[in-house]
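Tertiary structure, described
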Amino acid sequence: MSSLNEHSSIALKRTVIVSIFAAVAVVLSLVEALIPVNMSVPGAKLGLANIMVLTCLYFLRPRDALMMVVLKTLLTAFIFGTFSSLLFSIMGAMFSFVAMGFLLLVGRKRLSLIGISIIGGIAHNIGQLTAATLYFKTSKIFYYLPMLMIMGVLTGIAVGIAVRYLVPALSKLSLFEDFLKEETA
Amino acid sequence: MKRGDIILIGIVIAIALAFIVPRWLNEDTSETNHEEARVAKITVDGKLFKTVSLTKEEQTVEVNTEFGSNTLKIHDYGIEMHDADCKDKVCFTFGFVDRNGGTIICLPHRLMVEVEGPSGEGDDVDVIVK
């Protein structure tokens, strides 16, 4: 009986963490929209929400993180009311999620969270450009990819550093103690 | 930061520069053929809206469709988004575009502007499809 209890308690904790992270990611997207940073490269943004996706991938299973990504994408679409860009957000989020999830599984030893977040950011850009290619039926938009890649390195480093501070801080909370991994970045 | 990160950053920047640097070099050579003006293809929702030639003289192009309205400004052999009533204003971040392959996109309005080389034969200039 006690093991069953423990099991459902972990499942509950997962659900709570996923929903909190999704909420924080939405708030970060809102904050980001308020900061008037002129990146001078179209489509480039800070990608603060990526902090939460990466942290979620770090603590929980990939499918929990997937749930969080979908929730976050839908919620931001509702709040901003930009359903025309929902396809773009989803493509970007999925590409980024798959790339980061894959690297966390495979390249854990060679890459730190910074490298993974750089790849996640660039994958997000590639996903969005792919969506634009499908939507406008022209591949000319990939013209901007090299500039986006350089921006992606910079924002990826920033996001990676943020995650590196966030993970140890969250690890001290009792909510997260069941999900701790032995190795830290 | 691990060694892998630094290698990764190096690779990414190398790839990006491999694309950007040839573009800069091309720009110098194409600087001389400004007599043959480039054209901007304006498409809305995948359909050709208008083709305009990029002149040195200033001219504005109004694009009013069911999706919203945009004003494009042409000057100095290039084109830029001047005004748009969309929400996200991403189209302004594209800035002034005057090179082949340059693009301006306004997603909420399904508007796309592509800069192309001098119009070849049989290009239907100034035909409004709608």
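Residues numbered from 1 in each chain as written. Chains lettered and ligands numbered in written order. Predicted model: local features only at pLDDT ≥ 70, side-chain atom pairs only at ≥ 80, totals over all residues. Heavy atoms only, no water.

The name recorded for chain A in an unreviewed UniProt entry is Heptaprenyl diphosphate synthase, from Fontibacillus panacisegetis.

A word on the overall build of chain B. Helix and strand content of chain B: 1 helix and 7 strands. From first element to last, N terminus to C terminus, chain B shows the α and β order α-β-β-β-β-β-β-β. Evaluated residue by residue, chain B yields a buried proportion of 39% over its 130 residues. Long-range contacts, defined here as pairs at least 24 residues apart, represent 34% of the contacts in chain B between residues at least 6 apart. (Helix = DSSP H or I, 4+ residues; strand = E, 2+ residues; numbered from the N terminus. Buried < 20%, exposed > 50% of the residue type's maximum accessible area, 1.4 Å probe, protein only. Contact = heavy atoms within 4.5 Å.)

Right, let's talk about the overall build of chain A for a bit. Along chain A, the regular secondary structure elements total 6 helices and 0 strands. Reading chain A from its N terminus to its C terminus gives the helix and strand order α-α-α-α-α-α. Burial status across chain A gives 50% buried among its 185 residues. For chain A, long-range pairs separated by at least 24 residues make up 77% of all intrachain contacts whose partners lie at least 6 apart in sequence. Only carbon and sulfur atoms are counted for the fraction: they give 70% of the accessible area of chain A, which is about 9,100 Å². (Areas by Shrake-Rupley, 256 points an atom, 1.4 Å probe, with all protein chains shown as cover.)

Right, let's get into helix H5 (residues 113–136) of chain A. Residues and elements named next belong to chain A. Look at H5: 34 Å from first C-alpha to last across 24 residues, which is about the 34 Å you get at 1.5 Å a residue. Most of H5 is tucked away, with 19 of its 24 residues classed as buried. Just downstream of H5 lies Lys137, where phi reads positive at about 55 degrees. (Expected span 1.5 Å × (residues − 1).)

A word on the pairing of strand E3 (residues 59–65) of chain B. Residues and elements named next belong to chain B. Both E3 and strand E4 (residues 68–75) contribute to a ladder of 7 bridges, which runs antiparallel. Residue pairing for E4: Val63 is matched across the bridge by Asn70. The antiparallel hairpin formed by E3 and E4 contains 2 residues in its connecting segment. (Pairing = 2+ DSSP bridges.)

This part covers the UniProt feature "transmembrane region" (unreviewed entry) in chain B. Here, the residues flagged by UniProt with the feature "transmembrane region" (unreviewed entry) are residues 7–25 of chain B. Spanning residues 7–25 of chain B, this segment combines 100% helix with 0% strand, and its end C-alpha atoms are found 27 Å apart. (UniProt positions renumbered as here; feature names shortened; annotations may be inferred.)

Take the interface of chain A and chain B next. Across the boundary between the two partners, chain A contributes 35 residues, which contact 32 residues of chain B. Carbon and sulfur atoms make up 69% of the surface buried where chain A meets chain B, a total of about 2,800 Å² over both sides. Considering only the side of chain A, the residues that lose the most area to chain B are A:Phe136, A:Lys140 and A:Tyr143, jointly responsible for 24% of the buried surface there. The interface formed by chain A and chain B contains 0 salt bridges. Applying the counting rule to chain A against chain B returns 2 residue pairs in polar contact (both at pLDDT 80 or more). Those elements that place two or more of their residues in the side of chain A that touches chain B are H5 and helix H6 (145–171) of chain A. Looking at the side of chain A that touches chain B residue by residue, the class counts come to 19 nonpolar, 10 polar and 6 charged. (Buried area = accessible area lost by both parts, 1.4 Å probe. Salt bridge = Lys/Arg side-chain N within 4 Å of Asp/Glu carboxyl O. Polar contact = N/O pair within 3.5 Å; in protein donor to acceptor, adjacent residues only side chain to side chain. Nonpolar A, V, L, I, M, F, W, Y, C, P; charged D, E, K, R; others polar.)

All names here are of chain B. Overall, the coordinates contain 4 salt bridges over all chains when judged by the stated rule. Across the pair Glu58 and Lys73 runs a salt bridge whose closest N-O atoms are separated by 3.9 Å. Taken together, the residues Glu58 in the loop between strand E2 (47–53) and E3 and Lys73 in strand E4 connect sequence positions 15 residues apart. Exposure remark for Glu58: the relative accessible area of 56% places this residue in the exposed category.

What follows covers the packing of aromatic side chains. Residue and element names in this part refer to chain A. Enumeration according to the criterion identifies 3 aromatic pairs over all chains in this entry. Judged by centre distance (4.9 Å) and plane angle (45 degrees), the ring pair of Phe59 and Phe176 falls under tilted. Taken together, the residues span a long stretch of sequence, with Phe59 in helix H2 (residues 49–59) and Phe176 in the segment after H6 at a distance of 117 residues. Across this residue pair, the class does not change: Phe59 and Phe176 are buried. An aromatic cluster is present here, built from Phe21, Tyr58, Phe59 and Phe176 joined pairwise through their rings. (Phe/Tyr/Trp six-rings, centres within 6.5 Å; stacked < 30°, edge-to-face > 60°.)

All names here are of chain A. Taken together, the side chains of Leu66, Met67, Val70, Leu71, Leu74, Leu75, Phe78, Ile79 and Phe80 define a hydrophobic patch exposed on the protein surface, amounting to about 750 Å² of accessible area. Along the chain, Met67 turns up in helix H3 (residues 62–80). With relative accessibility at 49%, the residue Met67 sits in the partly exposed group. (Patch = residues over 30% accessible without salt bridge, like charges linked within 9 Å, V, L, I, M, F, W, Y side chains within 5 Å.)

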